[in-house]
Amino acid sequence: SDKIYTRLPLIYSHSFFDVLLDMKASGGELGWLTWPLDQGDKPGWEVVQKTLNGSQLYTYSICNVGEREQDNWLRTTFIQRRPSASRVFVELQFIVRDCNSFGASSLTCKETFNLFSSESDADVGTTFRKGQFKKVATIAPDEITGKKELRINTETRVVENLSLKGFYLAIQDIGACVALLSLRVYYKICPATIQSLASFPETVAGGENQALREVSGECVENAISEGLPRIYCTVDGEWVVPVGQCQCKPGYEETEDACKECLPGFFKAEASSGKCEPCPANTQGLDTGALFCPCMDGFYRAPTDPPTGPCSGLPSAPRDLVATTSHLSVGKLLLSWRPPEHTGGRTDITYSIECLRCEGPVCQSCGEKIRYEPANVGLTLTKVTVSELDAHLNYTFTVEAHSGVSAFASQAMPQAHKLPLTNPPKITSMRLVKQNPTSLSLSWEVSPKPRVQARPIRYELTYRKKDDNLDVTTYTVLILEKNSVQIPDLSPGTAYLFRVQALGSDGSPGGSSIEEQYETLSEGHLAHNNTAVISGAAIGGAVMLLIVVIVLFLHRRSVLFFFLNGFQLKPLKTYVDPHTYEDPNIAVLKFATEIHPSHITKQKVIGAGEFGEVYRGILKVPGRKEVAVAVKTLKPGYTEKQRQDFLSEASIMGQFAHQNIIRLEGVVTKFKHAMIVTEYMENGALDRYLRDHDGEFSAYQLVGMMRGIAAGMKYLSDMSYVHRDLAARNILVNNTLECKVSDFGLSRVLEDDPEGTYTTSGGKIPIRWTAPEAIAYRKFTSASDVWSFGIVMWEVMAFGERPYWDMSNHEVMKAINEAFRLPAPMDCPSAVYQLMLQCWLQDRSKRPRFGDIVSLLDKLLRSPESLKAIADFDPRVSIRLPSTSGSDGPPFRCVPEWLESIKMSQYGENFTCAGIVSMDQVMQMKNEDIKNIGVRLPGHLKRIAYSILGLKDQTSTLSVFAV
Ligand code: AMP
């Protein structure tokens, strides 16, 4: 510890600290103990009043330079410690006289003194035992004071691993001429802070054994977060790497580290970092904190309209209805009209025709006796041909204009199209009203608002824990008669997935449902949401008709369908393993569209897949635009098993729909040559692409790519799909640099991936990308995908460099088990590297979730200046590049030998011309210097720079640095 010292001004400008003892502040009344008590004619430490720069101060001085074997001690009073401050800083200001100025006495004169410390649970008063003190450091002045000027030195030392109630410090003089001007004892703290709407308490900075203190935060009032927000307090008292963020609840927006209600006339439908938006056209917002703006009278929203969008009015009547008959076609007429004057602001206008036939005064509906061409309802054109009319009868035709909202204005609803009562309304939003450790209160909105019905609407609420283990899942189903509920008996600090669906009056589920995830508070956490509990909605009341708890034993995460009391229960949207289908061909048909091979044109081979060539091609389906596609083929001579494995990738891919997941266009299964057709990604695989464009992208662009991959992975993990082979080679890039996750075959890790290495249990695993628990006992989860994502981040920042370079798989596993990690790639932003390290935490439950990762990357992209701080090479955690470290052999004797060892001999002349001829000079080189001597290629620059880093610390004989 005595190597670590910091000059004071630096500490002042960056950190907060608490002072435990300050000699200057106590004036002359210090009461420190001196030892030995009996000094004879040479006094020991004495309090001396000095005038420095015009001000008076008390110092402790000693100057027994002429005597031999001096051992004079000065001990502080008992310094109480704050319980969590295990590491304190001792800052000393002192003057030491030059021994040469003492003439004959200079023989015994010293120019250093020693700092000691001794821990104790109680103040021992004037008892002093030298043996109880441990040496902290020898203090030597940077500048000694001669005859003329006084030279003041400031030195800071750290006392680590304190554990008792307090401690003493002592200064031992061994024959120097010293004046101690000041002694201050302090420790560093990370001050209480609010970051991303999460508040974190003041925290004492950790010591060597806990360099980063993890601190959990709480969302500020009216803010919520998916996971517990976390942050780390560094030894230097700085907060770093916030994980997870809080967002203002629906109806609230962020203003100065707090969440304020939306003003009247504004709304916010979701928990987000966005602002409240003004109420859209034809809506009204009278209250504060609105989630939606209800429609003004006479305006409506159609079920397909977003609840946050404007409302629209009813169309006016069609105009100028004309009937035209023809002599040539008896019993037939053409009706035509002009569109309504007012469309109510909508474009989905349709028409319906109603016909009455009248014989004398008696009129009745024409029923099915006549024919309409093209139809009598849902017409989009303003004409219709009516035929099979009887001669000599009077017909009355009524044409009505409808729009998407007509069904919701009962006065405008034509009889024929009145909504059947069984049609349940749509759930438009769900919100969390109150959150406790063991219960959650929810409410939801419906559209249209229920009309008076014979029976009130009932709702089916399904919920389950969102835990990793999907092998056994418990679904709870509640049938409710109110649009709110309080659910008791939940586990604390646990995420649950909720789905609510309205039921028709016959008990059939409505077409649409809403799914949300909410989390109970962790234990000991007080709810800071003071919204009133929804009245009368507690479980156990009369509102609940039925509770069903079902335990689904999901074999390989298959999805089973249950019928209960006539209600269908569908599990929440999860990925379905095609293996659960007895006939995999049925799975393909279910999840993929069949394409006719004549619609596909293969143009050029672009890659080789496990099952056959991959082509670039064109897909032209009649009636649809031509699109560029990639076509994967199945080589001739395949077995039925190979065909099924090949098509399983399509069965999986077909279940996903996300911007950052490769999109399946369709499959060819009904012809001899099976094919899988996906969107075409112009720039191919990410690892190759980055290697080909080494150094060409900014950190901002690279972080943008990672953000895309993280968003795709969040989607997959939300669907409970574990990828198992996430690596840059399995990410594809298009011409707008968008990155998409690919490679979903079931056998892909086993057969396809050249990185796959057989393990002792026979399976194949891409070791460098795989989390330790997945290698050790095949625990593949979204958390192990997060580990792989960390490796992908590293690959991206290192422009496609191979992770762990040419270390063997065995060396990689050994280093990881010994807590070493990949070093930060060159020029990697510190925040990005910190995130990588988080992804590589041994304890998988501590790794960030993909949701956290997306939020953090978004945050970095929103403030690009956060990418400016570049990560340092940290020898305490970093693996060193083995082939360039030179640690296996003797140190390099000359520059050419070293360049040879890292295969960079071509730069020998550059080094010589620049006058760099010794290894000592090499070790002084900075990245800038390497560039300046003419090393331009980023890959070479990196290799040389890493090697120099390795040379600087050759204390270890392993291929890794010692901590
Ligand atoms: P795969 O069998 O999926 O690993 O594909 C083999 C190679 O074909 C990949 O490494 C890519 O170079 C190329 N490839 C596969 N799919 C596409 C695509 N959708 N767009 C462009 N290239 C692709």
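Here is what the cut-offs are and how they apply
Residues numbered from 1 in each chain as written. Predicted model: local features only at pLDDT ≥ 70, side-chain atom pairs only at ≥ 80, totals over all residues. Heavy atoms only, no water. Buried < 20%, exposed > 50% of the residue type's maximum accessible area, 1.4 Å probe, protein only. Helix = DSSP H or I, 4+ residues; strand = E, 2+ residues; numbered from the N terminus. Pairing = 2+ DSSP bridges. Phe/Tyr/Trp six-rings, centres within 6.5 Å; stacked < 30°, edge-to-face > 60°. Lys NZ or Arg CZ within 6 Å of the ring centre and 35° of its normal. UniProt positions renumbered as here; feature names shortened; annotations may be inferred. Near = heavy atom within 4 Å. Polar contact = N/O pair within 3.5 Å; in protein donor to acceptor, adjacent residues only side chain to side chain. Nonpolar A, V, L, I, M, F, W, Y, C, P; charged D, E, K, R; others polar. Contact = heavy atoms within 4.5 Å. Axes fitted to C-alpha atoms, helices over the stretch in contact; angles between N-to-C directions. Parallel < 35°, antiparallel > 145°, perpendicular 65-115°, else oblique. Left-handed = near helix turned anticlockwise from the far one by under 90°.

A. Quick peek at the pairing of strand 11 (residues 166-173). Most of strand 11 sits inside the fold, with 8 of its 8 residues counted as buried. Residues of strand 11 alternate between two faces, with G166, Y168, A170 and Q172 on one and F167, L169, I171 and D173 on the opposite face, all of them buried. Pairing between strand 5 (residues 72-75) and strand 11: 4 bridges, direction antiparallel. Paired with N72 across the strands is D173, a residue of strand 11. Pairing of strand 6 (residues 79-80) with strand 11 involves 2 bridges; the strand directions are antiparallel. Each residue of the ladder has a partner; that of I79, found in strand 11, is F167. Here strand 8 (residues 113-120) pairs with strand 11 via 8 bridges, running antiparallel.

B. Structural view of the packing of aromatic side chains. Summed over all chains, the structure comprises 29 aromatic pairs. Centroid distance Y463 to F498: 5.4 Å. Interplanar angle 35°. Geometry classified as tilted. Here the residue Y463 occupies a position in strand 35 (residues 458-465), and F498 occupies one in strand 38 (residues 495-503), the gap between them amounting to 35 residues. What makes F498 buried here is its relative accessible area of 0%. Grouped by ring-pair contacts, the aromatic residues W35, W73, F116, F128 and F133 constitute a single cluster. The ring centre of W769 lies 4.2 Å from the NZ or CZ of R729, which sits over that ring.

C. Fine view of the UniProt feature "active site" (unreviewed entry) in the chain. When the UniProt feature table is mapped to this numbering, "active site" (unreviewed entry) covers D725. Note that D725 resides in the loop between helix 5 (699-718) and strand 48 (731-733).

D. Structural view of the site of the ligand. The immediate surroundings of the ligand are formed by 13 residues, with G609, K632, T678, E679 and M681 found nearest. A distance of 2.9 Å separates a nitrogen atom of the ligand from a polar backbone atom of M681. Top element by residues in the shell around the ligand is strand 43 (residues 600-608). It accounts for 3 residues. Its residues placed into classes, the shell around the ligand shows 7 nonpolar, 3 polar and 3 charged.

E. Quick look at the side chain of H723. Take H723: it is sitting in the loop between helix 5 and strand 48. A distance of 3.0 Å separates the side chain of H723 from the backbone oxygen of S742, its partner in a polar contact.

F. The arrangement of the environment of N114 in detail. If you trace the backbone, N114 turns up in strand 8. Looking at N114, the relative accessible area reads 8%, which means it is buried. For the pair N114 and I171, spaced 57 residues apart in sequence, the C-alpha to C-alpha distance is 5.7 Å. Not counting chain neighbours up to four residues away, the residues in contact with N114 comprise K135, A137, T138, A170, I171, Q172 and I174.

G. How the structure looks around the side chain of S196. On the secondary structure map, S196 appears in the loop between strand 13 (193-195) and strand 14 (198-200). Only 2.5 Å separates the side chain of S196 from the side chain of K859, close enough to count as a polar contact. Contacts of S196, omitting those with residues within four sequence positions, involve Q245, C246 and K859.

H. Region of interest: the packing of helix 5 against helix 11 (residues 850-862). It is at 9 Å that the axes of helix 5 and helix 11 come closest, and there the two elements cross at 155°. Relative to helix 11, the element helix 5 lies roughly antiparallel. Between helix 5 and helix 11 lies a crossing whose hand is left-handed. Between helix 5 and helix 11, the contacting residues are Y700, V703, G704, M706, R707, A710, A711, M713, K714 and S717 on the first element and F850, G851, I853, V854, L857, D858 and L861 on the second.

I. Up close: the sheet that holds strand 37 (residues 484-487). Taken in spatial order, the 3 strands make up an open sheet running 33-34-37, and their pairing is antiparallel. The open sheet has two edge strands, strand 33 (426-435) and strand 37, and neither has a second partner. Geometrically, the sheet is characterised by an average inter-axis angle of 20° between neighbouring strands, direction not taken into account.

J. Representation of unusual backbone geometry in the model. Look at the link from W35 to P36: it is a cis peptide, with omega at 0°. Examined against the element boundaries, P36 turns out to sit in the loop between strand 2 (33-35) and strand 3 (46-52). Residue P374 follows E373 across a cis peptide bond; omega there is 10°. Mapped onto the fold, P374 is located in the loop between strand 30 (371-373) and strand 31 (383-387). Even without being a glycine, V241 presents a positive backbone phi close to 45°. Structurally, the position occupied by V241 is in strand 20 (residues 239-243). Residue V241 is classed as buried on the basis of its relative accessible area of 10%. Not every positive phi belongs to a glycine, and Y804 is a case in point at roughly 65°. Mapping Y804 onto the fold places it in the loop between helix 8 (782-797) and helix 9 (809-817).

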